[in-house]
Amino acid sequence: MKVAMVTHELRELPDWVVADIAASGIDLVCRRCRTGAEVAEFAAGADVIWIFGPNPGLDGAVLERLPKCRAIFRSGSGVDQLPVDRATELGVAICNTPDSISEAVAEHAAALILALVRQVPQLDRDNRELGAAAWNPDGSPRMRWHLTGRTLGLVGYGRIARKLEAMLTGFRLKVLYFDPVAPGGASLDEVLAESDIISLHCPLTPETARLVNAGTIARMKDGVLIVNTSRGGVIDEPALAAAVCSGKVGGAALDVLETEPPTPDCPLLGLDNVIITPHQAAFSGDFEKNFWGFSVRKLQALAGGDFVGSSINLK
């Protein structure tokens, strides 16, 4: 089986990853392609197109120029930038490795929730900027929330959301979740209306694009907290910014934005009660071991002919 990695040069892959792939009898070629035309030329004879990070122009038209391609493999979780519909029509499998990052992203979501509730970045900033004046023995007026016993709403109930729920068990939260493909959940209206904190874990699809908008925010509790570690496009950023400024949304913590890195006019950047981290949720001290290890095992499964079992459920 020939695999074309089109987002990295060979020297950028860990040595043990290259060695394990070679030991599996897989022919690996690597080139950092920047356009669809480069992908079509470089990967013309590949059975599997391998991507890590942003898609370098691999769309439906390029896929049609890759007649030998049997699978597109995206290390990590999201596949929203891939030509899923055209791949399905052509019988090309779409594969990913969500387990490689799910625990780290859940940890980051938990950290964002705690930082938002306890106002950690703002208190740290006050301490540095105000000095002794920040040390208020009567408690800071910022401390508006308490986590234990509150209601957490999960929009999307896949691996990451379930791990997050388990990690927060000690806070005795009432947990509601909305996910059209997960049985036993609540309706979206219930999650919006009853949650003190809403954490987003859904893929970016036509159905979820700007799911958090002026209309859905209006159906939320006053002072609700919103956390997003999924995709920036799930949130209408001007609507969220307006709701934060009005106090309808008490605060937001986001690891993803619609445009990354954000432009200077991003309406969320200057808001004191918005926490933004630079799309780092998947990274941790165990990133290399987990990320590349799961990738190698996925390629080995494909080399063994398991294109069906390795594909994600696109329905």
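Residues numbered from 1 in each chain as written. Predicted model: local features only at pLDDT ≥ 70, side-chain atom pairs only at ≥ 80, totals over all residues. Heavy atoms only, no water.

Trainee: So what exactly am I meant to see when it comes to the pattern of salt bridges here?
Mentor: Charged atoms that come close allow side chains of opposite charge to pair. Taken as a whole and assessed by the stated rule, the structure comprises 12 salt bridges. A salt bridge links Lys 174 to Glu 194; its shortest N-O distance comes to 3.6 Å. With Lys 174 in strand 7 (residues 174–178) and Glu 194 in helix 8 (residues 188–194), this pair connects stretches of sequence that are 20 residues apart. Accessibility expressed as a relative area gives 45% for Lys 174, which makes it partly exposed. By sharing partners, the salt bridges in this structure join Glu 64, Arg 86 and Glu 89 into a single network. (Salt bridge = Lys/Arg side-chain N within 4 Å of Asp/Glu carboxyl O. Helix = DSSP H or I, 4+ residues; strand = E, 2+ residues; numbered from the N terminus. Buried < 20%, exposed > 50% of the residue type's maximum accessible area, 1.4 Å probe, protein only.)

Trainee: What's the story with the sheet that holds strand 4 (residues 71–74) in this structure? I'm lost.
Mentor: To summarise the sheet geometry, strands pair through backbone hydrogen bonds and adopt either a parallel or an antiparallel arrangement. Taken together, the 5 strands give an open sheet; going across it, the order is 2-1-3-4-5, and neighbouring strands pair in parallel fashion. Where the open sheet ends on each side, the last strands, each with one partner, are strand 2 (27–30) and strand 5 (93–96). Here the strands of the sheet are splayed against their neighbours by 20° on average, with no regard to which way each runs. The sheet contact formed by strand 1 (residues 2–5) and strand 3 (residues 48–51) spans 3 bridges and is parallel. Of the residues in strand 3, the one forming a bridge with Ala 4 is Ile 49. The strands that helix 11 (residues 287–303) touches are strand 1, strand 3, strand 4 and strand 5; relative to strand 3, the one it contacts most, it runs at about 170°. (Pairing = 2+ DSSP bridges. Axes fitted to C-alpha atoms, helices over the stretch in contact; angles between N-to-C directions. Contact = heavy atoms within 4.5 Å.)

Trainee: Could you clarify how one ought to interpret the nonpolar core in this entry?
Mentor: As a rule of thumb, nonpolar side chains are buried together in soluble globular proteins. Judged by nonpolar contacts, the single largest core of 51 residues is most densely connected at Trp 50, Ile 113 and Leu 299. For this core, the leading source of residues is helix 5 (residues 102–117), giving 9 residues. Ranked by size, the runner-up nonpolar core spans 29 residues in total, among them Val 191, Ile 198, Leu 268 and Val 274. (Core = buried A, V, L, I, M, F, W, Y, C linked by side-chain atoms within 4.5 Å.)

Trainee: What's the story with the packing of helix 5 against helix 7 (residues 159–167) in this structure? I'm lost.
Mentor: Helix-helix packing is described using two parameters, namely the angle between the two axes and the distance between the axes. Here helix 5 crosses helix 7 at 55°, and the two axes come no closer than 8 Å. Relative to helix 7, the element helix 5 lies oblique. The interaxial crossing formed by helix 5 with helix 7 has right-handed handedness. Where helix 5 approaches helix 7, its residues Ser 102, Glu 103, Val 105, Ala 106, Glu 107, Ala 109, Ala 110 and Ile 113 are matched on the opposing element by Arg 159, Ile 160, Lys 163, Leu 164 and Met 167. Of the residues belonging to the contact of helix 5 with helix 7, the class tally is 8 nonpolar, 1 polar and 4 charged. (Parallel < 35°, antiparallel > 145°, perpendicular 65-115°, else oblique. Left-handed = near helix turned anticlockwise from the far one by under 90°. Nonpolar A, V, L, I, M, F, W, Y, C, P; charged D, E, K, R; others polar.)

Trainee: I tried to follow the pairing of strand 7 on my own but got confused; where do I start?
Mentor: Looking down a regular strand, the side chains alternate between one sheet face and the other. Where strand 6 (residues 151–155) meets strand 7, 5 bridges bridge the pair, whose relative direction is parallel. If you follow Gly 153 over to strand 7, its bridge partner there is Leu 176.

Trainee: How should the packing of helix 1 (residues 15–23) against helix 11 be read in this particular structure?
Mentor: Packing of helix 1 against helix 11 leaves a shortest axis separation of 10 Å and a crossing angle of 15°. Overall, the two elements helix 1 and helix 11 adopt an arrangement that is roughly parallel. Considering how the two elements wind past one another, helix 1 and helix 11 form a crossing that is right-handed. Each of Trp 16, Val 17, Asp 20 and Ile 21 in helix 1 lies in contact with helix 11, whose residues at this interface are Glu 288, Lys 289, Trp 292, Gly 293, Val 296, Leu 299 and Gln 300. Of the residues in the contact of helix 1 with helix 11, the class split is 6 nonpolar, 2 polar and 3 charged.

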